[in-house]
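Remarks on the overall topology
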Amino acid sequence: METKTSPVKYIFVTGGVSSSLGKGIISASLAKLLQARGYSATIQKLDPYINVDPGTLNPYEHGECFVTNDGAETDLDLGHYERFLNVPTSQSNNVTTGRIYQTVINKEREGAYLGKTVQVIPHITDEIKRRIKLLGETGQFEVVITEIGGTVGDIESLPFIEAVRQMIWEMGSNCAVIHLTLLPYLTVTGELKTKPTQHSVKTLLEYGVQPDILVCRSEKPVNAEIRRKLALFCNVNVNAVIESIDASTIYDVPLLMLKEQLDKVVLAKLKLPLRQEPDMEGWKNFLGKLKIQLLKLELV
Amino acid sequence: MEKLPWQTKNPTSEVRIGLIGKYIELKDAYKSIAESLIHAGVSNETKVNVEWIHSEKLDEKNVQEKLGNLHGILVAPGFGDRGIEGKINAIRFAREQKIPFLGICLGMQCAVIEFSRNVLGLENAHSTEMAPETKYPVIDIMDDQKNITKKGGTMRLGEYPCNISKNTKAATIYGKSRISERHRHRYEFNNKYLKKFEDAGMVASGVNPNGNLVEIIEYKNHPWFIGVQFHPEYKSTVENPHPLFVKFVKAHSTIPDNLKSSFQQRIYCYLCGLILMMNGS
């Protein structure tokens, strides 16, 4: 096996306009494609709530609590990561605001800050950055995808976005930012609207983060004109505007992202070679069988 | 593998699995189980229809109506008292009607409670989680949990090994004698009752290496009745569908017809009764 001397690359996935757009599935799909090209990738979820972990949360609030091999009680998105990648996650793959503050406050009580005033910047953001880099430093992964929970503009997720800005400032082309957004479809006029996305990208820009790639959830195909408009107003390349159309099953998404060349755009941004054509044969086989069943269900 | 004569050549094209839980209003609460069933369906090339059934809405009177047409009954994990009796009713129905049953975590514990009450005759047997003063604590708190007062991150969590006994259904399903599965619980099967259970046909087919925690139970007098203290759903992936789910989805099609007949007879009787009633009116 070749030694991995090239620096670990970090991809951040933020969400705009609305929650529940499926950042977890997009992150897992991208990781799957990178894995299929021969890269070792892992996904991390940063959750902006103050619970130390979701173990004590009512399932009505937050869905299932997923458990890792090393006994972390985590967000259910980690389940998607494992189901897509077939690689186990660990304690480091899910970090909450509560966990960050707990660490910082414990350190303060130990006297680790040597009498300094402990503040959100730099102490909280430093701890966030440390947690993000932790996975990269294991030496097991070439790419770390970090999904930031919540929606851009939330007060809760501000320190995370600031940490992302600082990491880009430190590492430049070793980082890429994907912004997942929604293009609402207006039935009356029969068109997809880009304004909410423009505003959400503006908010991100106010925090000093320029997204490199827009992944646009939509119920209709996103035509070239809309792509050009989004690229121009959101300051991204036109090939970095990716359509993510509603799918009948989440297992469709990696192939939809492959068709939209999300993997290629990401690798180009990170200045990484494409390596091999993605080996998705096993996945296509699984999806084919699943689709037959879905079809049967519809016919009944 | 060669098929036995009673195994149908074309497996049932649709398998109806009842998922019994108390959080079913939010399907995300059982995300990994639902996905594991999808993986298992693809692996069997069978479509799996999941019927979400609220445990609080199941009683002795309506189990037949709500569960009678299912090919498999899965009782979901959970905590606390709500919906427990519904889960126990569902398990009794699965056990008596020989419908394939998979109980996970609390689902396994409910199977233990059901068996104690209805087969062993231990009246009002319960878990000390729900009934601390119960006369028959068939499910009890683990020794190393007794002095824990804080709730966050203090359960028995993560991966632990488990030894599987030879010549059991679990051994056939996994095809190996040592497995490792993920856990999330404070309570466990009370070993004081183990002999009584095994004498009556409910055996501990999976036990942790120290031999003090029952991880898998299975009922010998039933074609497919398994309870697991761990969470197999956390380990099922697209590439590696979990064997427990794969075999559970398949179970119905492998049950000999003479065992299924009780169900068909019931349908027949029901239809005859209906016709008689209609003639009479």
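Residues numbered from 1 in each chain as written. Chains lettered and ligands numbered in written order. Predicted model: local features only at pLDDT ≥ 70, side-chain atom pairs only at ≥ 80, totals over all residues. Heavy atoms only, no water.

**Focus on helix 7 (residues 195–206) of chain A**
Residues and elements named next belong to chain A. For helix 7, spanning 12 residues, the distance from its first C-alpha to its last is 17 Å, which sits close to the expected 16 Å at 1.5 Å a residue. All of the buried residues along helix 7 are Thr 197, Gln 198, Ser 200, Val 201 and Leu 204. Taken down its axis, helix 7 places every buried residue within 165° of arc, on the same side. Residues of helix 7 that are buried in the fold lie against strand 1 (9–15), helix 6 (158–171), strand 7 (175–182), strand 10 (213–218) and helix 8 (224–234). Phi turns positive one or two residues past the end of helix 7, at Gly 208, with a value near 90°. (Helix = DSSP H or I, 4+ residues; strand = E, 2+ residues; numbered from the N terminus. Expected span 1.5 Å × (residues − 1). Buried < 20%, exposed > 50% of the residue type's maximum accessible area, 1.4 Å probe, protein only. Arc of directions from axis to C-beta. Contact = heavy atoms within 4.5 Å.)

**Digging into the packing of aromatic side chains**
Applying the stated criterion across every chain, the model contains 15 aromatic pairs over all chains. Summarising the aromatic geometry, the rings of A:Tyr60 and B:Tyr23 are spaced 5.1 Å apart at their centres and angled 85° between planes, so their arrangement reads as edge-to-face. Residue A:Tyr60 is found in helix 2 (residues 59–62), and its partner B:Tyr23 is found in the loop between strand 1 (14–21) and helix 1 (31–44); the two belong to separate chains. The buried category is assigned to B:Tyr23, whose relative accessible area is 10%. Taken together, the aromatic side chains of B:Phe101, B:Phe115, B:Phe189, B:Phe197, B:Tyr219 and B:Phe225 make up a single cluster linked through ring pairs. The ring of A:Tyr39 carries A:Arg275 above its face, with NZ or CZ at 3.8 Å from the centroid. Residue placement shows B:Arg156 over the ring face of B:Tyr160; its charged tip is 4.3 Å from the ring centre. (Phe/Tyr/Trp six-rings, centres within 6.5 Å; stacked < 30°, edge-to-face > 60°. Lys NZ or Arg CZ within 6 Å of the ring centre and 35° of its normal.)

**Digging into the pattern of salt bridges**
By the definition in use, this model includes 36 salt bridges over all chains. Measuring nitrogen to oxygen at the nearest pair gives 3.3 Å for the salt bridge that ties A:Asp47 to A:Lys45. In terms of burial, A:Asp47 and A:Lys45 fall into one category: buried. Residue B:Arg95 pairs with B:Glu96 through a salt bridge whose shortest N-O separation is 3.8 Å. By relative accessible area, which is 8% here, B:Arg95 ends up buried. (Salt bridge = Lys/Arg side-chain N within 4 Å of Asp/Glu carboxyl O.)

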